[in-house]
Amino acid sequence: MTGQETTNPSSTAEKHEFSAEVGRLLDLVVHSLYSEREIFLRELVANAADATDRRRFEALTDGARALPEDAKIRINPDKDARLLTITDDGTGMSKDELVSNLGTIARSGTRAFGKELEGAKPEDKPNLIGQFGVGFYAAFMVADRVEVVSRRAGSDEGWKWTSDGKGAYELAPATREKPGTDITLHIKEDADEFLDSWRLQEIIRKWADHIAWPVTIVKDGEESPANEGTALWRKPKNEVTEEQLNEFYRHVSHNFDTPWATLQWRAEGTIEFSALLFIPGSRPFEFGDPARESKIRLHVRRMFITDDAALLPAWMRFVQGVVDTEDLPLNVSREMLQATPVLARIRKAVTGRVLSELKKRSADNAEFLKFWENFGAVMKEGIWEDAEHRTELAGLARFRSSALTVDAENPESGWTTLGDYISRMKPEQEAIYYLTGDNEDAVANSPQLEGFRARGLEVLLLSEPVDSFWPDRLTSFESKTLRSVTQGAADLEKFAVEGEAATGEAADMDILLPALKEALGSEVSDVRGTDRLVSSAVVLAASENGPDLQLQKLMRRSGQ
Ligand code: ADP
Ligand code: MG
C-alpha cells in the first residue's frame, strides 16, 4: 500500500516502508477494535512521561539537555480542525530514532501482543486489546493520519514523521522551537468523543492519574491540570484505592492482570524509603528474559532515576514496582549508584520484606500455589545462587512427588514441601530422594522410580531446567541429605519390598552381568545388579560420585 499522495510536498520528504511486523500489527489493531479505543491516550501520555523522565536523567550528565522548569505534557483538542495534539518536553527523537522507534517494533511486549492477537478468535480481540498496551500504534485506532514532530534534546534539528498507518511513513525536515515532541492525530469520523475536553479529562483520570509530570488539557483556549500527579507510593495507604494501585501496577509492569500481592510500606530509621511493590498475578509473556535482572524503578524524592539499579536479586525479578528514597542526591550518577552503600542497604531491606511476605502468604497453601506455578522456577534459581537465603527458599519451595497424584479438581494435593516430605519419611530413611528429567510425565513414569515405589519410598519429581542445578548446592534440608535416585546404588537394600512386587522372581545375576558387560564393552563403565527396578529390565545410572544424569545431559548439550 505504497505510492499514496504525500501530505508534505517538501522536496526532501522521504518515503519509508514499515517493517513487516509493524504492518501486520497495525492492520490488527485498526481492524479488531472499537470498544477500548480510549487506551490510545494512556499509551501516548505514558510515552510522553517516559521521554520526560529520560531527558531529566540525560541532563544530569549533559547540561545542554536540561529540562525546562515547567516541563509538562499538554493535550490540545481542536474540534474544528478535528486534530488532537499531545505535546511533551521530553528527549525528543532524532531522525534515526524516529525510524527505529516508530518504523519497527522495538518493544518486546508489543511483539508478544501481536502474536497473541493474531491467534485470538475475533470475538476475543477487543477484550485482548483492552488488556494489553499496544504502544504508539494505538493512535491509529482513533486517527486516520498521525504526525509526529520531534526535536532531540541537545540538537537543533527537527523532523516530521507522518503516516496513515497503511504500510508506509514519510520523513521530512521540520522546525520545532524547543526540544520535545508533538503527536498530532487527525481524528477519524467516528471518534468525535476524543475531541471533547471533558471526555479526555475522564480518560486521564482513569488511566494516567499517577503520571508524575503535570498533564494539562486545553479547553476553550485555557490550559487546566488534568492529573493529580501525586506519587502514589508516597501517599498514606488509606488514601489510595485498590483500583489506583492496580492501574499503577499495570503502568510500571506492562502487565495487564491484577497483582497477586501488593506491598506498600515506608522504611524509617538508618535508611529512609517508600516502596510500592507488586507480585504479578500471572506469568508475563516474555518472562524468560535473558537479562535476568530486577527492573524495580528507583526514584529519589519522587523523581525517576533508573530501573537498572538491581534493587532486588535476579531470582526476585518477577517483582515489579518503585522504591523512592531520600538518602541519595537527586543528581545521583551511574558511577555513584554503583559505589554507594545506600543501595546495598535498601536492597537488603527490600529483599527481606518481599521474602517475609512470601512466607506469610505461604501459610495459605492454595493461594501460594498460584504464585508458585508462575514463578517457582525463578525462586529455585535463588536456591542455587543465593547462599544467604538458600534454606529459606528451600523451605518455601513446592514439589511434585511420586507419592502424590496431580489432580485438576484439587490442585493443592499434587504438591509437597520439603518439610512435608520429611514428615512422611520412613524411620530408617536418611535421604530426601529426587529424580530430575525433561518433563513431568517422563519423570513420573521413569523406570528409575520402580525400586523406590516398590519399597514405599517417596521421590520428589523435578522437571524444570533449573532442577538440574539447585540440588547440588542445597545438599541437605533439616539435616536430611538430598540424593538423586540416579546416583549409584541408592541404598535400597535396607528397605523391604512391599506388596506384590515382593513375590517376583529374580534373574540369575551371576550369569547375566558378565554377559551384558561383554556386549556393551566401553559404552558403559560398569554393569551392576540393582534394587531399583521391579518390572523394567535395565536402567541407566550415573556413577556414585559423578554428576546426576540430567546434569550430564545438559552439560553435553552445552558442549562441556
Ligand atoms: P514502548 O513505550 O513500550 O517502548 P511504544 O510503541 O509506546 O513502545 O513506543 C515506541 C518507542 O518510541 C518508545 O520506546 C520511544 O523510544 C519512542 N517514543 C514514543 N513516543 C515518544 C515521545 N513522545 N518522545 C520520545 N520518544 C518517544
Ligand atoms: Mg509506550
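Use the structure listed above.
What comes next is a walk through the structure. Just so it is clear, the structure is predicted and the values come from calculations on it, not from any experiment.

### Here we look at the overall build of the chain
Then, in step 1: Helix and strand content of the chain: 17 helices and 19 strands.
Then, in step 2: Considering the chain as a whole, with its 560 residues, one finds that 36% of them fall into the buried category.
Then, in step 3: Pairs at least 24 apart in sequence give 70% of the contacts found in the chain among residues at least 6 apart.

### Brief notes about the sheet that holds strand β15 (residues 400-401)
Where strands meet in a sheet, backbone hydrogen bonds hold them as pairs that are either parallel or antiparallel.
Then, in step 1: An order of β15-β17-β16-β19-β18 is seen for the 5 strands of this open sheet, with the pairing classed as mixed. Of all the strands in the sheet, the pair left with one neighbour each is β15 and β18 (476-477).
Then, in step 2: Strand direction decides the pairing type here: β18 and strand β19 (residues 480-484), joined by 2 bridges, are antiparallel. Following the sheet pairing, Phe477 is matched in β19 by Lys480.

### Some words on the pairing of strand β13 (residues 303-306)
Then, in step 1: Summarising the sheet, strand β12 (residues 297-300) and β13 pair through 3 bridges and their orientation is antiparallel. If you follow Val300 over to β13, its bridge partner there is Met303.
Then, in step 2: Between β12 and the antiparallel strand that follows it, β13, lie 2 residues; Arg301 among them carries a positive phi value of about 40°.

### Quick word on the pairing of strand β4 (residues 143-151)
Then, in step 1: In terms of burial, β4 is largely enclosed, as 7 of its 9 residues are buried.
Then, in step 2: Hairpin connection of β4 to strand β5 (residues 158-163): 6 residues between the antiparallel strands, including Gly154 at a positive phi of 95°.

### Regarding the sheet that holds strand β9 (residues 222-225)
Then, in step 1: In spatial order, the strands read β1-β6-β5-β4-β7-β3-β2-β8-β9; together these 9 strands make up an open sheet with mixed pairing. Looking at the sheet topology across the chains shown, the edges are occupied by β1 (14-17) and β9. Across the sheet, the axes of successive neighbouring strands diverge by a mean angle of 20°, strand direction being ignored.
Then, in step 2: Where strand β2 (residues 73-78) and strand β8 (residues 215-219) come together, 3 bridges link them in parallel fashion. Its bridge partner being in β8, Ile75 is matched across the sheet by Ile217.
Then, in step 3: Together, β2, β3 (83-88), β7 (180-187) and β8 form the strand contacts of helix α2 (residues 39-59), whose direction differs from that of β3 by roughly 20°.
Then, in step 4: Lying over the sheet, helix α3 (residues 95-103) contacts β1, β4, β5 and β6 (168-174), oriented at roughly 25° with respect to β5.

### Looking at the nonpolar core
Then, in step 1: Judged by nonpolar contacts, the single largest core of 62 residues is most densely connected at Val323, Val459 and Leu460.
Then, in step 2: Counting residues per element, this core draws most heavily on strand β11 (residues 273-279), at 6 residues.
Then, in step 3: Leu460 has contacts with Phe399, Ser401, Tyr421, Ile432, Tyr433 and Tyr434, leaving out every residue within four places of it along the chain.
Then, in step 4: Counting residues in hydrophobic clusters, the runner-up holds 52 residues, among them Val22, Ala49, Leu102 and Val149.

### Some words on the environment of Asn227
Then, in step 1: Tracing the sequence through the fold places Asn227 in the loop between β9 and α7 (242-253).
Then, in step 2: A tally of 22 C-beta atoms within 10 Å means that Asn227 is categorised as buried.
Then, in step 3: Along the chain, Asn227 and His210 lie 17 residues apart, while their C-alpha atoms are 7.3 Å from each other.
Then, in step 4: Among residues more than four places away in sequence, those in contact with Asn227 are Ile204, Ala208, Asp209, Ile211 and Val215.

### Some thoughts on the environment of Arg283
Then, in step 1: For Arg283, the location among the structural elements is in the loop between β11 and β12.
Then, in step 2: Remark: the alpha-carbon pair of Arg283 and Glu373, spanning 90 residues in sequence, is separated by 8.8 Å.

### A short note on the environment of Glu392
Then, in step 1: Relative to the elements of secondary structure, Glu392 occurs in helix α11 (residues 390-396).
Then, in step 2: On a C-alpha basis, the gap between Glu392 and Lys359 in space is 8.7 Å, while along the polypeptide they are 33 residues apart.

Calculation rules
- Residues numbered from 1 in each chain as written.
- Chains lettered and ligands numbered in written order.
- Predicted model: local features only at pLDDT ≥ 70, side-chain atom pairs only at ≥ 80, totals over all residues.
- Helix = DSSP H or I, 4+ residues; strand = E, 2+ residues; numbered from the N terminus.
- Buried ≥ 20, exposed ≤ 12 C-beta atoms within 10 Å, placed from the backbone.
- Contact = placed C-beta atoms within 7 Å.
- Pairing = 2+ DSSP bridges.
- Axes fitted to C-alpha atoms, helices over the stretch in contact; angles between N-to-C directions.
- Core = buried A, V, L, I, M, F, W, Y, C linked by C-beta atoms within 7 Å.

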